[in-house]
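Close look at the chain arrangement
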Amino acid sequence: AVERTLSIIKPDAVAKNIIGQIYSRFEQAGLKIIAARMAHLSKREAETFYAVHRGRPFFNDLVEFMISGPVMVQVLEGENAISKNRELMGATDPKKAEKGTIRADFAESIDANAVHGSDAAETAAVEIVCFFPTLDVYSR
Ligand code: CMP
(Lines give C-alpha, C1' and ligand atoms only; values in the text may rest on other atoms or scores of the structure.)
Protein backbone atom coordinates (compact mmCIF):
# COMPACT_ATOMS: atom_id res chain seq x y z
CA ALA A 1 0.00 0.00 0.00
CA VAL A 2 1.05 3.60 -0.49
CA GLU A 3 2.18 4.92 2.89
CA ARG A 4 3.66 8.06 4.39
CA THR A 5 6.51 8.12 6.87
CA LEU A 6 8.33 10.81 8.79
CA SER A 7 12.04 11.13 8.13
CA ILE A 8 14.51 13.34 9.99
CA ILE A 9 18.03 14.06 8.81
CA LYS A 10 19.75 14.54 12.16
CA PRO A 11 22.24 17.28 13.16
CA ASP A 12 25.31 15.15 12.38
CA ALA A 13 24.24 14.57 8.77
CA VAL A 14 23.11 18.18 8.24
CA ALA A 15 26.52 19.34 9.55
CA LYS A 16 28.23 16.95 7.11
CA ASN A 17 26.38 18.61 4.20
CA ILE A 18 24.84 15.36 2.96
CA ILE A 19 21.14 16.28 2.84
CA GLY A 20 21.24 15.95 -0.95
CA GLN A 21 22.97 12.57 -0.90
CA ILE A 22 20.36 11.24 1.51
CA TYR A 23 17.51 12.73 -0.55
CA SER A 24 18.95 10.96 -3.63
CA ARG A 25 18.69 7.64 -1.84
CA PHE A 26 15.03 8.29 -1.04
CA GLU A 27 14.33 9.25 -4.64
CA GLN A 28 16.23 6.33 -6.12
CA ALA A 29 14.21 3.98 -3.92
CA GLY A 30 10.97 5.45 -5.27
CA LEU A 31 10.13 7.50 -2.19
CA LYS A 32 8.73 10.93 -2.92
CA ILE A 33 9.41 13.93 -0.66
CA ILE A 34 5.94 15.43 -0.23
CA ALA A 35 6.67 17.88 2.61
CA ALA A 36 9.93 19.21 4.04
CA ARG A 37 11.26 21.82 6.40
CA MET A 38 14.46 22.62 8.23
CA ALA A 39 14.21 23.20 11.97
CA HIS A 40 16.39 23.77 14.99
CA LEU A 41 14.38 21.95 17.64
CA SER A 42 13.85 23.34 21.10
CA LYS A 43 14.42 21.05 24.05
CA ARG A 44 10.67 20.85 24.58
CA GLU A 45 10.03 19.88 20.93
CA ALA A 46 12.71 17.17 21.03
CA GLU A 47 11.37 15.79 24.32
CA THR A 48 7.85 15.74 22.92
CA PHE A 49 8.89 14.06 19.70
CA TYR A 50 10.83 11.35 21.58
CA ALA A 51 8.32 11.05 24.45
CA VAL A 52 8.08 7.25 23.97
CA HIS A 53 11.75 7.03 25.00
CA ARG A 54 11.35 9.13 28.18
CA GLY A 55 12.87 7.19 31.05
CA ARG A 56 15.27 5.22 28.85
CA PRO A 57 18.93 5.63 29.85
CA PHE A 58 19.79 7.26 26.52
CA PHE A 59 16.92 9.82 26.60
CA ASN A 60 18.86 12.87 27.82
CA ASP A 61 21.79 12.32 25.45
CA LEU A 62 19.35 11.77 22.59
CA VAL A 63 17.52 15.04 23.29
CA GLU A 64 20.78 16.99 23.72
CA PHE A 65 22.06 15.63 20.44
CA MET A 66 18.85 16.38 18.55
CA ILE A 67 18.98 20.04 19.65
CA SER A 68 22.71 20.42 18.94
CA GLY A 69 22.08 21.79 15.44
CA PRO A 70 19.46 22.07 12.71
CA VAL A 71 17.65 19.04 11.35
CA MET A 72 15.90 18.46 8.02
CA VAL A 73 12.44 16.96 8.41
CA GLN A 74 10.45 15.41 5.58
CA VAL A 75 7.43 13.28 4.83
CA LEU A 76 8.20 10.47 2.40
CA GLU A 77 5.43 8.86 0.40
CA GLY A 78 5.48 5.64 -1.58
CA GLU A 79 4.71 1.95 -1.75
CA ASN A 80 5.59 0.50 1.71
CA ALA A 81 7.29 3.79 2.59
CA ILE A 82 7.73 2.94 6.28
CA SER A 83 9.65 -0.30 5.84
CA LYS A 84 11.39 0.90 2.69
CA ASN A 85 12.80 3.91 4.56
CA ARG A 86 13.92 1.69 7.43
CA GLU A 87 15.74 -0.57 4.98
CA LEU A 88 17.46 2.44 3.45
CA MET A 89 18.48 3.68 6.94
CA GLY A 90 19.90 0.39 8.24
CA ALA A 91 20.17 -0.67 11.88
CA THR A 92 19.96 1.97 14.64
CA ASP A 93 23.56 1.26 15.62
CA PRO A 94 25.68 2.12 12.56
CA LYS A 95 28.20 -0.56 13.56
CA LYS A 96 25.45 -3.14 13.00
CA ALA A 97 23.99 -1.54 9.88
CA GLU A 98 24.31 -3.33 6.58
CA LYS A 99 26.76 -2.01 4.03
CA GLY A 100 25.19 0.43 1.60
CA THR A 101 22.66 1.73 4.11
CA ILE A 102 22.56 5.40 5.11
CA ARG A 103 23.75 4.69 8.65
CA ALA A 104 26.54 2.34 7.59
CA ASP A 105 27.79 4.85 5.05
CA PHE A 106 27.34 8.14 6.92
CA ALA A 107 26.78 7.64 10.68
CA GLU A 108 29.29 7.68 13.52
CA SER A 109 27.48 6.32 16.57
CA ILE A 110 24.14 5.13 17.90
CA ASP A 111 23.27 8.72 18.88
CA ALA A 112 24.79 10.49 15.87
CA ASN A 113 23.14 8.04 13.51
CA ALA A 114 22.27 10.42 10.65
CA VAL A 115 18.56 9.72 10.24
CA HIS A 116 15.30 8.92 11.99
CA GLY A 117 12.39 7.10 10.39
CA SER A 118 8.97 6.16 11.76
CA ASP A 119 8.78 2.51 12.81
CA ALA A 120 5.08 1.79 12.18
CA ALA A 121 1.93 3.27 10.64
CA GLU A 122 0.58 4.57 13.96
CA THR A 123 3.85 6.27 14.93
CA ALA A 124 4.19 7.69 11.41
CA ALA A 125 0.79 9.39 11.71
CA VAL A 126 1.66 10.90 15.10
CA GLU A 127 5.14 11.98 13.99
CA ILE A 128 3.90 13.59 10.76
CA VAL A 129 1.32 15.68 12.65
CA CYS A 130 4.04 16.66 15.13
CA PHE A 131 6.02 18.45 12.38
CA PHE A 132 3.36 19.17 9.76
CA PRO A 133 0.19 19.93 11.73
CA THR A 134 -1.45 21.77 8.85
CA LEU A 135 -0.69 18.98 6.39
CA ASP A 136 1.10 21.19 3.91
CA VAL A 137 1.91 18.18 1.79
CA TYR A 138 2.22 18.01 -1.96
CA SER A 139 1.82 14.46 -3.09
CA ARG A 140 1.16 15.21 -6.75
P1 CMP B 1 15.87 7.05 16.38
O2 CMP B 1 15.38 6.18 15.27
O3 CMP B 1 15.86 8.51 16.11
O4 CMP B 1 15.01 6.77 17.71
C5 CMP B 1 15.56 6.95 19.01
C6 CMP B 1 17.03 7.21 19.00
O7 CMP B 1 17.69 7.02 20.24
C8 CMP B 1 17.71 6.26 18.04
O9 CMP B 1 17.39 6.63 16.71
C10 CMP B 1 19.17 6.44 18.47
O11 CMP B 1 19.80 7.51 17.80
C12 CMP B 1 19.07 6.81 19.95
N13 CMP B 1 19.61 5.77 20.84
C14 CMP B 1 20.68 5.86 21.62
N15 CMP B 1 20.90 4.73 22.29
C16 CMP B 1 19.92 3.87 21.93
C17 CMP B 1 19.61 2.52 22.28
N18 CMP B 1 20.32 1.82 23.16
N19 CMP B 1 18.53 1.93 21.68
C20 CMP B 1 17.77 2.62 20.79
N21 CMP B 1 18.03 3.90 20.43
C22 CMP B 1 19.09 4.51 20.99
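As the structure is a prediction and not an experimental result, all values here were calculated from the model. (Residues numbered from 1 in each chain as written. Predicted model: local features only at pLDDT ≥ 70, side-chain atom pairs only at ≥ 80, totals over all residues. Heavy atoms only, no water.)

1. Here's the deal with the sheet that holds strand β2 (residues 32–39)
Note the threshold: When DSSP finds two or more bridges between a pair of strands, those strands are recorded as paired. Numbering of helices and strands starts at the N terminus; helices are DSSP runs of H or I of at least 4 residues and strands are runs of E of at least 2. Note on definitions: angles span 0 to 180 degrees between N-to-C directions of axes, and those axes are lines fitted to C-alpha atoms, for helices only across the stretch in contact. The contact definition used throughout considers only heavy atoms, calling two residues in contact when any of these lie within 4.5 Å.
Taken together, the 4 strands give an open sheet; going across it, the order is β2-β3-β1-β4, and neighbouring strands pair in antiparallel fashion. Looking at which strands have only one partner, the edges of the open sheet turn out to be β2 and β4 (115–117). Strand-to-strand, the axes of this sheet are offset by a mean angle of 20°, without reference to chain direction. The pairing of β2 with strand β3 (residues 71–79) spans 7 bridges and is antiparallel. Paired with R37 across the strands is V73, a residue of β3. Along the sheet, helix α5 (residues 81–89) makes contact with β1 (2–9), β3 and β4, crossing β1 at roughly 35°. Here helix α7 (residues 121–131) sits on the sheet and contacts β1, β2, β3 and β4; the angle it forms with β1, its principal contact strand, is near 55°.

2. Description of the packing of aromatic side chains
Operational definition: Only rings of Phe, Tyr and Trp enter the pairing, Trp through its six-membered ring, and a pair is recorded when the two centres are within 6.5 Å. The plane angle decides the type: under 30 degrees is stacked, over 60 is edge-to-face, the rest tilted. When accessible area is computed with a 1.4 Å probe and restricted to protein chains, residues below 20% of their type maximum are described as buried, those above 50% as exposed, and intermediate ones as partly exposed.
Applying the stated criterion to the full structure yields 3 aromatic pairs. Taking the centre distance of 6.2 Å and the plane angle of 40° together, the rings of Y23 and F26 count as tilted. Of the two residues, Y23 and F26 are both situated in helix α2 (residues 19–28); the distance of 3 residues between them amounts to about one turn of the helix. Here Y23 and F26 have matching classes, each one buried. Joined through ring pairs, the aromatic side chains of F49, Y50 and F131 make up one cluster.

3. Side note on the UniProt feature "binding site: ATP" (unreviewed entry) in the protein
Heads up, the rule is: UniProt positions are given in the numbering used here, feature names are shortened, and annotations may be inferred rather than shown by experiment. Grid points spaced at 1 Å and placed over the protein atoms alone form the basis of the search, with a cavity being a set where a 1.4 Å probe fits but cannot get out and a pocket an open set showing protein on both sides within 12 Å along at least five of seven lines. Lining residues have an atom within 4 Å of a point.
UniProt feature "binding site: ATP" (unreviewed entry): in the numbering of this structure it lies at K10, F58, R86, T92, R103 and N113. Filtering the just-named annotated residues for those lining the largest pocket gives K10, F58, R86, T92, R103 and N113. Of the residues examined, T92 reaches a relative accessible area of 42% and is grouped as partly exposed. Residue placement: R103 occurs in helix α6 (residues 102–106). The exposure class of R103 is buried, given its relative accessible area of 6%. The contacts of R103, once residues within four sequence positions are left out, are M89, G90, A91, T92, P94, A97, N113, V115 and H116.

4. Topic: the pairing of β3
Counting buried positions along β3 yields 8 of 9 residues, so the element is predominantly enclosed. When β1 meets β3, the two strands line up antiparallel, connected through 8 bridges. Bridged to I8 within β3 is V73.

5. Remarks on the site of the ligand
Basically, it comes down to this: We call a residue near a given molecule or strand whenever any one of its heavy atoms falls within 4 Å of it. Nitrogen and oxygen atoms within 3.5 Å of one another constitute a polar contact, given that in protein one can donate a hydrogen and the other can accept it, and given that sequence-neighbouring residues count only through two side-chain atoms. In these tables, accessible area is a Shrake-Rupley quantity obtained with a 1.4 Å probe, and a residue counts as shielded only by the protein chains included in the view. Molecules are considered to sit inside a cavity or pocket once more than half of their atoms lie within 2 Å of its grid points. By the convention adopted, Pro, Cys, Tyr, Trp, Phe, Met, Ile, Leu, Val and Ala count as nonpolar, Lys, Arg, Asp and Glu as charged, and the other residues, Gly among them, as polar.
Around the ligand, the neighbouring residues are K10, Y50, H53, F58, L62, T92, R103, I110, D111, N113 and H116. A distance of 2.6 Å separates an oxygen atom of the ligand from a polar backbone atom of I110. At 2.9 Å, a side-chain N or O of H116 approaches an oxygen atom of the ligand. Surface burial for the ligand is 79%, taken as the share of its 450 Å² of free accessible area covered by protein chains. When each cavity is represented as a set of grid points, the ligand is found to reside in the largest pocket. Broken down by class, the residue content of the shell around the ligand amounts to 4 nonpolar, 4 polar and 3 charged.

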